[in-house]
Amino acid sequence: MTRMTLSIFSALALLALAACGDDQSSSTTIAQEEKAALKASEDPYDGTVAKPGSPYAISYRIIGTPIVGSPVTVDLRVTSALPVRPMTLDYRINDATSMMFAESQPDSVRMELAENEEAFQQRVTVIPQREGRFYLNVSASVETEDGTVSTGMAIPIQVGSAPREMQEHGELQEDENGEAVRVLTGD
Amino acid sequence: MNMLKDLKPGKFLLPLIASLAVSACSSGGSGDSSGGSGNRSPVAVAGADQTVSEFAAVTIDGGGSSDPDAGTTLSYAWTQTAGAVVALTNANTAQANFDAPDVTAVNTPTTLTFRLTVSDGTASASDTMNVVVNDVGLGINSPPVANAGPDQTRAELTTVNLDGTASLDPDGDAITHAWLQTGGPNVALSNATVASPSFTSPDVAAATPEVLTFQLTVDDGTDFSTDTVEITIQEALSAVTVSGTLEFEWVNPNNNCNGLNLNNPVLKPIRRATVELVDASNPTVVLASSVTGNDGSYSFTNIDANQDVQVQARAVLADGSPATWNVEVRDNTSNIGSPLTQRPIYIVRWPQFNTGVADNSDNNFVARTGWGGSSYTGTRAAAPFAILDSILDAMTMVTEVDSNAVFPNLDVYWSVNNTLTSPTDVDAGELSTTFYTNRGLYMLGDANVDTEEFDDHVSIHEWGHYFEDVFSRSDSFGGNHFIGDPLDPRVAFGEGFASALAAIALDNPVYCDTSGPNLLTSGFGINWESQNIGLVGWFNELSVGKLIYDLWDTGTDNGNDTGSIGFGPIYETMVGPQRTVGSFTTMFTFAAGLRPMLNATDLAFVDGQLNRINVDTAAGVDIWGDSQTTAPTNGTYSQGRDILPPYTELFVDAAPVNVCLNNDYFADFADGDSENKFGMFRHFRFTTTSTDSYTITATANPAPTATTTTGDDPPRDDSDPDLFLHRAVPQWWFPFATSTDDGNASEIFTTPTMSAGTYILRLQEWRHVDDSRAAGFPSQVCFDVSVSR
């Protein structure tokens, strides 16, 4: 039973690949591919059973092909299931050797929606410093009378073809049966 | 509370391009914070943070608050949200007062947090401020606390260390130590006035241990206290018992689910986990293996004396022989290329020690969170055991009502690399969200984005999907879902049941989902008992979850929930009729399975709760929902149309039946994953009496006016129905046949050869599902649907 993918995810998988691929250079191209991808996945039975969603949906589009030293623009769009309130978007790059923000790029933006707007939209520019698969972490938060309601996501920026560098956690060893185990240190 | 109590009615976007977020949102709810047209919200100003001395008279001033609407009188409400509780006076005025509490050298400075809420009678606003209280040496002396250490068993003629280092003074005053032997053969202490003196144990006769008693007195110059410890001395052994307790650091969420209280972890026992004693010089050599008790205790007997060993715990729950359950936590981002079920299991290994020549029972260890105050700086050893502990709570809930329950293997995939992005690539640690599929539970762990190990409701929610998978049946096909969404009833039931299961297992209706990067403050919560979001009904996961939780809990919901049937009947329904029911698993099948099990009193109670979520019971409840005659509406959404009957019955070779469906979800929510949303499809059922191929026809009637979308080649904006055919074999949830998409307004679907039996047909209008549909396409389309042989 439980199967399926978040169908919109899979529907847009092709898109996401396109967004990170060598050929993606314009929104027109993406839009056409989006239609094809959506139609191709019209069968919704492909999934996974996921946790309840946060109150925000963050969408993104990467403009152009990320290459070392050249600014990469990421268009962000955030919608909220909460009543419209000012929203703060925070951007974070975990590894300063991988990417940096463009000089004029703030790492936090507070926004309000105009009356006729349905979504918060922002453009973020980062500059890859080397090849690899990196992440622009985006968090969206709103202050309510009960505290901060927030969510986040990691936007993958593929520079060249190098795979993601995994964070090492503990030590990979073998147990008495020769099976791999990840050993964490206790105290 | 940071609960989603005020979801707005609509306006969600179309995913831009590569979307992906946590979910496609939605949902309904109450009002706007401005309180209605014309009124503007007040502005709350709690004032600047303050630093004061203990016992000081403190005034907190919200006089800077204002309201943009002229002539408005504001009301004020101060509440304390964190720190040592103080008595607030004038809490309903702009300026509130309190006396700063006594602060000691140990806990200085102490931070108190206050929230000011101002209201103009229609709308409200809040702000918070902190008061930092410093110790200035005032207050009453607190006596010191003596701790003589744990009792010990040691061998004869060896050096024994007493341990008074855990003694303390709450005020931070310097303390002196004084040890005195009060029992047993006399021994000479190395220094009776230090925290940890030693002595040489006396020679004792075989099988005649001696007990030495020592009293420790600690003195801070004003007060003193004492504690005692017993040291049992026995003959040196060639084999010993090594025992102790394993614990892990658990982190609770902050109030209102505003992040995790990582700076104040609590210790919990590592329960029912595999524990091993290994050779310190070669840890692959396992000297002994066992399972921890419910109190985290473990014991290894007949272990060679005087050898260096280490204790390690595997992130595995595997009790019994054969195991009643087998849950393993693995790192999905290591050993890429090997099957997922062979990815590395987490092990926590503690420092080595010597087994000595006497039984020793104080080998106690802790798996830490790795939190360094503002970020993770150490190994996150607690995480795998935190996840297992939550799952154990859920499994225990089941075994309490079914002692014979056997749980098929479950693998949990967690990694510090598991980040929230899309599309999912498990090997790369890229997960679209935390999810369950195919006896695997995939959990986020990236501290910069989202971690799940201490979100116990999330862990058990996903385990609930596993429960449905292996103990019961779920016909849910998943998809994005946000609380309050109008969903396919299959999805709504599965999600609502899973969340209710978590609330029941944890005896807590508040679902917290904390997230990063500000792990101390970020997250959101849902109260499954008290919140109503969206249209209430069998298609809303919150309604379903609320119902099932209310059937179990003993709370009264202000007189609306006055009974409880416990978990037993819920379990029996899920593993019984729900598992084999001949239609999609929904609220209707659950209710139809449960109701016959109940006595009259419980039946009346259950029907009352079903009525609360708009499930009709006057004519009973059947698996198809034929008894449902009212379609809920709440005046905010339009999803109330085109949802009844839940299944339209078709008859072979009979005249077509005209039914309608709509994309009201898009109209109200304008975003995201629509295929699992209510109104976007219609379900039919029909029964065949002979083995044959059948023709199913769906023709738009009236046919919608074709629209044109620029860029479509060929144009495809006329009606485009799609048909999906379901049956029990191989399984209900996955269609065994689908119509060939031809893009025409009339779909003629010749089925494969079908044996006699009952079938479910699902109809959807692709133009409604398609994110790139033309704006002018009608929101409601009707079809003539027929089955012929």
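These numbers come from a predicted model, not from an experiment. (Residues numbered from 1 in each chain as written. Chains lettered and ligands numbered in written order. Predicted model: local features only at pLDDT ≥ 70, side-chain atom pairs only at ≥ 80, totals over all residues.)

### Description of the overall build of chain A
Part 1 of the argument: Scanning chain A for helices and strands turns up 3 helices and 11 strands.
Part 2 of the argument: Taking all contacts inside chain A whose residues are at least 6 apart in sequence as the whole, residues at least 24 apart take part in 62%. (Helix = DSSP H or I, 4+ residues; strand = E, 2+ residues; numbered from the N terminus. Contact = placed C-beta atoms within 7 Å.)

### What about the overall build of chain B?
Part 1 of the argument: Of the regular secondary structure elements, chain B holds 10 helices and 40 strands.
Part 2 of the argument: Sorting the 789 residues of chain B into buried and exposed places 49% on the buried side.
Part 3 of the argument: In chain B, once contacts between residues fewer than 6 apart in sequence are set aside, the share between residues at least 24 apart is 70%. (Buried ≥ 20, exposed ≤ 12 C-beta atoms within 10 Å, placed from the backbone.)

### Considerations on the sheet that holds strand S39 (residues 757-765) of chain B
All names here are of chain B.
Part 1 of the argument: Read across the sheet, 5 strands follow the order S32-S34-S39-S36-S37 without closing on themselves; strand pairing throughout is mixed. In the strand order of this sheet, the two ends are held by strand S32 (647-649) and strand S37 (737-738), each with one partner.
Part 2 of the argument: Here S32 pairs with strand S34 (residues 681-688) via 3 bridges, running parallel. When the sheet's bridge partners are listed, Glu 649 is paired in S34 with Arg 685. (Pairing = 2+ DSSP bridges.)

### Details of helix H7 (residues 587-594) of chain B
Part 1 of the argument: When you tally the buried positions in H7(B), you get 8 out of 8 residues, the bulk of the element.
Part 2 of the argument: Of the positions making up H7(B), those classed as buried are Met587(B), Phe588(B), Thr589(B), Phe590(B), Ala591(B), Ala592(B), Gly593(B) and Leu594(B).

### Comments concerning helix H1 (residues 382-401) of chain B
A turn of α-helix holds 3.6 residues, and therefore any two residues three or four places apart point the same way.
Part 1 of the argument: An ideal rise of 1.5 Å per residue puts 28 Å on 20 residues; H1(B) measures up with 29 Å between its terminal C-alpha atoms.
Part 2 of the argument: Of all 20 residues in H1(B), 15 are buried, a share of seventy percent or more. (Expected span 1.5 Å × (residues − 1).)

### Concerning the sheet that holds strand S12 (residues 224-234) of chain B
The pairing of strands in a sheet happens through backbone hydrogen bonds and is either parallel or antiparallel.
Residues and elements named next belong to chain B.
Part 1 of the argument: Strands sit in the order S7-S12-S11-S9 across an open sheet of 4 strands; the sheet is mixed. Among the strands making up the open sheet, the edge pair consists of strand S7 (152-155) and strand S9 (176-183). Direction aside, the axes of adjacent strands within the sheet are offset by 30 degrees on average.
Part 2 of the argument: Across 10 bridges, strand S11 (residues 210-219) lies against S12 in antiparallel orientation. Directly across from Thr 217, in S12, lies its bridge partner Thr 226. (Axes fitted to C-alpha atoms, helices over the stretch in contact; angles between N-to-C directions.)

### Quick word on the packing of H1(B) against helix H2 (residues 456-471) of chain B
Residue and element names in this part refer to chain B.
Part 1 of the argument: Close contact between H1 and H2 brings their axes to 9 Å; oriented N to C, the two are set at 55 degrees. When the axes of H1 and H2 are compared, the pair comes out oblique. For the crossing formed where H1 meets H2, the hand is right-handed. Where H1 abuts H2, its residues Ile 387, Ser 390, Ile 391, Asp 393 and Ala 394 lie against Asp 456, Ser 459, Ile 460 and Trp 463.
Part 2 of the argument: Along the lines of polarity and charge, the residues of the contact of H1 with H2 split into 5 nonpolar, 2 polar and 2 charged. (Parallel < 35°, antiparallel > 145°, perpendicular 65-115°, else oblique. Left-handed = near helix turned anticlockwise from the far one by under 90°. Nonpolar A, V, L, I, M, F, W, Y, C, P; charged D, E, K, R; others polar.)

### A look at the confidence of the model for chain A
Part 1 of the argument: Residues with a pLDDT of 70 or more make up 67% of chain A, whose mean pLDDT is 72.
Part 2 of the argument: Low pLDDT, under 50, characterises residues 1-47 of chain A; the stretch is placed with 131 contacts to residues that sit more than four places away or in other chains. (pLDDT = per-residue confidence, 0-100.)

### Concerning the nonpolar core
Part 1 of the argument: Counting 181 residues, the largest nonpolar core has Ile157(A), Leu388(B) and Leu501(B) as its most contacted members.
Part 2 of the argument: In terms of residue count, the dominant contributor to this core is H1(B) (12 residues).
Part 3 of the argument: Setting aside anything within four residues of it in sequence, one finds Ile157(A) in contact with Ile62(A), Pro66(A), Val72(A), Met99(A), Val126(A), Pro128(A), Phe134(A), Tyr135(A) and Leu136(A).
Part 4 of the argument: Core analysis: the next-biggest nonpolar cluster, separate from the first, contains 14 residues, Ala46(B), Leu112(B), Leu116(B) and Val133(B) among them. (Core = buried A, V, L, I, M, F, W, Y, C linked by C-beta atoms within 7 Å.)

### A few points about the environment of Gly484(B)
Residues and elements named next belong to chain B.
Part 1 of the argument: Position of Gly 484 among the secondary structure elements: in the loop between H2 and helix H3 (489-506).
Part 2 of the argument: The exposure class of Gly 484 is buried, given the 30 C-beta atoms found within 10 Å.
Part 3 of the argument: Here the alpha-carbon distance between Gly 484 and Arg 641, two residues 157 residues apart in the chain, equals 17 Å.

### A short note on the domain arrangement of chain B
Part 1 of the argument: Segmenting chain B into domains produces domain 1 (50-134), domain 2 (152-236) and domain 3 (647-788).
Part 2 of the argument: The C-alpha centroid of domain 2 of chain B is placed 49 Å from the C-alpha centroid of domain 1 of chain B. (Domains from an automatic or database assignment.)

### Quick look at the confidence of the model for chain B
Should pLDDT be low for a region, the predicted coordinates there are not to be read in detail.
Part 1 of the argument: Averaged over all residues, the pLDDT of chain B is 87; the fraction at 70 or higher stands at 90%.
Part 2 of the argument: Our summary of model confidence lists the complex with pTM equal to 0.77 and ipTM equal to 0.78.

### Some points on unusual backbone geometry
Across the chain, the bulk of peptide bonds are trans and the bulk of non-glycine residues have phi less than zero.
Residues and elements named next belong to chain B.
Part 1 of the argument: Residue Pro 645 is bonded to the preceding Leu 644 through a cis peptide linkage, with omega at -5 degrees.
Part 2 of the argument: Inspection of the secondary structure assignment puts Pro 645 in the loop between helix H8 (600-612) and S32.
Part 3 of the argument: Here Asn 701 and Pro 702 are connected by a cis peptide whose omega angle stands at 0 degrees.
Part 4 of the argument: Looking at the element boundaries, Pro 702 is found in the loop between strand S35 (695-700) and strand S36 (721-726).
Part 5 of the argument: You will see that Asp 507, though not glycine, has its phi angle at about 50 degrees, which is positive.
Part 6 of the argument: Along the chain, Asp 507 turns up in the loop between H3 and strand S30 (510-514).
Part 7 of the argument: On the basis of neighbour counts, which here come to 10 C-beta atoms within 10 Å, the residue Asp 507 falls in the exposed class.

### Regarding the environment of Gly757(B)
Residues and elements named next belong to chain B.
Part 1 of the argument: For Gly 757, the position within the fold is in strand S39.
Part 2 of the argument: With 14 C-beta atoms packed within 10 Å, Gly 757 lands in the partly exposed category.
Part 3 of the argument: In the structure, Gly 757 is positioned 550 residues away from Ala 207 in sequence and 77 Å away in space, judged by C-alpha atoms.

### Description of the packing of H2(B) against H3(B)
Residue and element names in this part refer to chain B.
Part 1 of the argument: Viewed as axis vectors pointing N to C, H2 and H3 meet at an angle of 125 degrees, and their least axial separation amounts to 8 Å. Between H2 and H3, the crossing angle belongs to the class labelled oblique. Handedness of the H2/H3 crossing: right-handed. Taking contact as the criterion, the partners of Asp 456, His 457, Ile 460, His 461, Gly 464, His 465, Phe 467 and Glu 468 in H2 are, on H3, Gly 494, Phe 497, Ala 498, Ser 499, Leu 501, Ala 502, Ala 505 and Leu 506.
Part 2 of the argument: For the contact of H2 with H3, the class distribution of residues is 8 nonpolar, 6 polar and 2 charged.

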